[in-house]
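Remarks on the overall topology
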Amino acid sequence: MASATLELQGMNFNLSEEQLSVQEAARDFAQNELLPGIVERDNEAKFPAEQVRKMGELGFMGMMVSPEYGGSGMDTVSYVLAMEEISKVDPSASVIMSVNNSLVCWGLEAYGTEEQKHKYLTPLASGQIIGAFCLSEPEAGSDATSQATTAEDKGDYYLVNGTKNWITNGNSSSVALVIAQTDRDKKHRGINALIVEKGTPGFTVGKKEDKMGIRASDTHSLLFTDVKVPKENRIGDDGFGFKFAMSTLNGGRIGIAAQALGIAAGAYELSLKYSQERKAFGRQIFDHQAIQFKLAEMATKIEAARLLVYKAARLKDEHKDYVQAAAMAKLFASEVAMWATTEAVQIHGGYGYVKEYHVERLMRDAKITQIYEGTSEIQKLVIARELIR
Ligand code: CAA
């Protein structure tokens with residue numbers, strides 16, 4: 001198999017045979033397993049349970065986790081390649097995958113104890129169960145240090161009370177990583193991250209959100225009323241919870257950047273194909289310069305987004321600082337996704353505005369990539385802070 005080579009600022013983007021085969025497997029899976037039924041799942045906001053189960057079998061739910069803990073032991077570049085391919089077709093499936101990989105499995109492997117890894121990471125990484133990451137609250141979205149959820153220290157357990165909002169995998173998850181305030185005087189250094197099992201008394205699933213896009217992913221509020229969480233379920237030292245959330249999100253943003261890239265590329269590929277099929281004024285619409293210019297600009301911006309996403313992934317794999325690169329990739333790729341999907345609808349004309357041509361769904365799906373795992377405005381803040389760090 002041929003390898004794709006790209007050089008950027010001394011970085012080698014020579015994809016290995018293994019990375020190319022992951023890309024191909026994800027592409028095949030998206031076409032064969034995710035595309036059928038996608039309009040119906042979007043209309044009905046139906047969780048793709050069977051497809052997620054198969055993603056687990058294929059090793060997509062714990063891609064970067066060591067095989068010792070049930071994962072696939074792959075690098076971040078492989079992960080973004082798979083995310084891109086799956087997102088071209090089904091961004092609902094890819095957000096389920098991204099949260100499980102980046103926000104749940106990665107954090108547990110990086111900071112969990114051996115006991116936590118064996119008990120929780122192994123079933124999560126092998127796709128037997130899925131996880132949720134609970135940081136956002138009704139009054140704490142971008143302002144993530146303002147945690148109203150409390151985790152009162154009761155000696156050998158924490159007593160958790162509060163509400164978490166917009167939680168991806170809210171209903172379908174078996175395990176939630178919950179960020180909560182233990183000592184308010186210590187501000188963000190008094191926050192803890194706790195592993196909370198579904199079924200723990202007082203832990204209930206609240207309202208399901210009726211969303212604009214990524215409708216087949218289940219997004220719920222989660223409610224905690226006097227939930228007792230054993231001390232051994234705390235991740236890291238006392239007060240490490242906010243740092244845990246931030247460093248986990250640094251990697252999460254690479255996953256969402258890859259999702260945004262995939263959405264843009266999926267809309268572009270559909271548009272390129274359509275432009276060679278549809279005729280107007282006696283010729284293919286591709287032969288009209290107005291359409292060529294749109295496609296040329298889409299291809300250029302998507303390639304630029306791809307370079308940023310691969311660069312962030314490669315930096316993470318090389319254990320170099322990737323905070324700014326991840327924020328840049330997420331900011332740029334999500335802006336490109338929103339713009340490119342809007343152009344795709346325009347190229348498709350009236351057909352673009354109806355569901356069976358897929359681009360209107362991708363346009364709706366694109367919007368969230370500018371909002372979750374840090375809005376575009378938060379990414380600019382992160383980038384700016386890194387400029388003078
Ligand atoms: N990486 C590592 N540590 C970081 C960090 C980063 N990117 N950003 C901040 N920190 C650390 C700081 O070093 C600081 O620690 P110390 O005081 O110990 O040094 C601490 O966190 C607090 O940082 P700040 O003083 O900068 O806090 P702030 O309130 O001014 O700003 C923020 C923090 C960057 C705005 C942060 O609140 C943030 O990222 N907000 C966005 C939250 C977000 O991304 N939410 C997504 C929810 S999850 C989701 O969306 C999942 C889904 O559905 C798919």
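Whatever comes next refers back to the structure up there.
Below: a short report on this structure.

About the cut-offs
Residues numbered from 1 in each chain as written. Predicted model: local features only at pLDDT ≥ 70, side-chain atom pairs only at ≥ 80, totals over all residues. Heavy atoms only, no water. Salt bridge = Lys/Arg side-chain N within 4 Å of Asp/Glu carboxyl O. Helix = DSSP H or I, 4+ residues; strand = E, 2+ residues; numbered from the N terminus. Buried < 20%, exposed > 50% of the residue type's maximum accessible area, 1.4 Å probe, protein only. Patch = residues over 30% accessible without salt bridge, like charges linked within 9 Å, V, L, I, M, F, W, Y side chains within 5 Å. Areas by Shrake-Rupley, 256 points an atom, 1.4 Å probe, with all protein chains shown as cover. Lys, Arg positive; Asp, Glu negative; His and termini not counted. Charge placed at Lys NZ, Arg CZ, Asp CG, Glu CD. Expected span 1.5 Å × (residues − 1). Contact = heavy atoms within 4.5 Å. Polar contact = N/O pair within 3.5 Å; in protein donor to acceptor, adjacent residues only side chain to side chain. Near = heavy atom within 4 Å. Phe/Tyr/Trp six-rings, centres within 6.5 Å; stacked < 30°, edge-to-face > 60°. Lys NZ or Arg CZ within 6 Å of the ring centre and 35° of its normal. Pairing = 2+ DSSP bridges. Axes fitted to C-alpha atoms, helices over the stretch in contact; angles between N-to-C directions. Parallel < 35°, antiparallel > 145°, perpendicular 65-115°, else oblique. Left-handed = near helix turned anticlockwise from the far one by under 90°. Nonpolar A, V, L, I, M, F, W, Y, C, P; charged D, E, K, R; others polar. Core = buried A, V, L, I, M, F, W, Y, C linked by side-chain atoms within 4.5 Å.

**Considerations on the pattern of salt bridges**
Scanning the entire structure with this criterion turns up 24 salt bridges. Of the charged contacts, one joins Lys 54 and Glu 33 as a salt bridge, the two residues approaching to 2.9 Å between their closest N and O atoms. Remark: Glu 33 occurs in helix H1 (residues 17-34) and Lys 54 occurs in helix H3 (residues 49-57); sequence separation between them is 21 residues. We classify Lys 54 as partly exposed; its relative accessible area is 24%.

**As for a negative patch on the surface**
A contiguous patch of negative charge on the surface is contributed by Glu 68, Glu 114, Glu 115, Asp 156 and Glu 232. Within the fold, Glu 232 resides in the loop between strand E9 (219-230) and helix H7 (241-277).

**Details of H1**
When the terminal C-alpha atoms of H1 are compared, their 24 Å separation across 18 residues agrees well with the 26 Å that a helix rising 1.5 Å per residue should span. Where H1 is concerned, the buried positions are Gln 19, Leu 20, Val 22, Gln 23, Ala 26, Phe 29, Ala 30 and Leu 34. Contacts made by the buried residues of H1 are with helix H2 (38-44), H3, helix H4 (76-89), helix H5 (91-111) and helix H8 (289-317).

**Describing the environment of Thr 219**
You can see Thr 219 is positioned in strand E9. In the structure, Thr 219 is positioned 120 residues away from Val 99 in sequence and 12 Å away in space, judged by C-alpha atoms. Contacts of Thr 219, omitting those with residues within four sequence positions, involve Trp 166, Ile 167, Lys 207, Lys 208, Glu 209 and Lys 211. For Thr 219, the side chain forms a polar contact with the side chain of Lys 211, separated by 2.9 Å.

**A short note on the site of the ligand**
Neighbouring the ligand are 24 residues; Ser 142, His 188, Arg 253, Glu 373 and Arg 385 lie closest to it. The separation between an oxygen atom of the ligand and a polar side-chain atom of Lys 243 is 3.5 Å. Here the ligand has 1100 Å² of accessible area as a free molecule, and 76% of this is covered by the chains. For the shell around the ligand, the secondary structure elements donating two or more residues are H5, H7 and helix H11 (376-387). Ranked by residues supplied to the shell around the ligand, first place goes to H7 with six residues.

**Things to note about the packing of aromatic side chains**
In total, this model carries eight aromatic pairs according to the counting rule given. Arranged with centres 5.0 Å apart and planes meeting at 45 degrees, the rings of Tyr 351 and Tyr 357 form a pair that is tilted. A residue is classified by how much of its surface remains accessible, and Tyr 351, at 37% relative accessible area, is partly exposed. Using a relative accessible area of 27% as the deciding quantity, one classes Tyr 357 as partly exposed. Feature note: the residues Trp 106, Tyr 111, Phe 240 and Phe 244 constitute an aromatic cluster, connected by ring pairs. Its end group placed over the ring of Tyr 158, Lys 231 keeps NZ or CZ at 5.1 Å from the ring centre. Over the ring of Trp 339 we find Lys 301; its NZ or CZ atom is 4.0 Å from the centre of that ring.

**A closer look at the pairing of strand E5 (residues 157-168)**
As defined by bridge partners, strand E4 (residues 150-153) adjoins E5 across four bridges and the pair is classed as antiparallel. For Thr 150, the partnering residue across the bridge sits in E5 and is Asn 161. Connecting E4 to the antiparallel partner E5 that follows it, the hairpin turn spans three residues, and Gly 155 within it adopts a positive phi of roughly 95 degrees. Pairing analysis gives nine bridges linking E5 to E9, with the strands arranged antiparallel. Across the sheet, Val 160 pairs through a bridge with Val 227, a residue of E9.

**Some words on the packing of H5 against helix H6 (residues 114-125)**
Two elements in contact, H5 and H6, have axes separated by 10 Å at closest approach and are oriented at 155 degrees. By the angle class used here, H5 and H6 are roughly antiparallel. In the crossing of H5 with H6, the sense of the turn from one axis to the other is left-handed. Counting all contacts with H5, which are made through Asn 100, Val 104, Cys 105, Leu 108 and Glu 109, the residues of H6 involved are Lys 117, Tyr 120, Leu 121, Leu 124 and Ala 125. When grouped by side-chain class, the residues that make up the contact of H5 with H6 number seven nonpolar, one polar and two charged.

**A closer look at the nonpolar core**
Of all hydrophobic cores here, the largest spans 94 residues; its most connected members are Phe 60, Ile 86, Met 97 and Leu 108. For this core, the element with the most residues is H7, which contributes 16 residues. With residues up to four places along the chain from it excluded, the contact list for Met 97 reads Met 55, Phe 60, Met 61, Met 63, Tyr 79, Ala 82, Met 83 and Ile 86.

**Side note on the environment of Lys 119**
Locating Lys 119 in the fold gives a position in helix H6. Separated by 164 residues in sequence, Lys 119 and Arg 283 place their C-alpha atoms 62 Å apart. There is a polar contact of 3.4 Å between the side chain of Lys 119 and the side chain of Tyr 120.

All quantities given are derived from atomic positions and should not be read as evidence of function.
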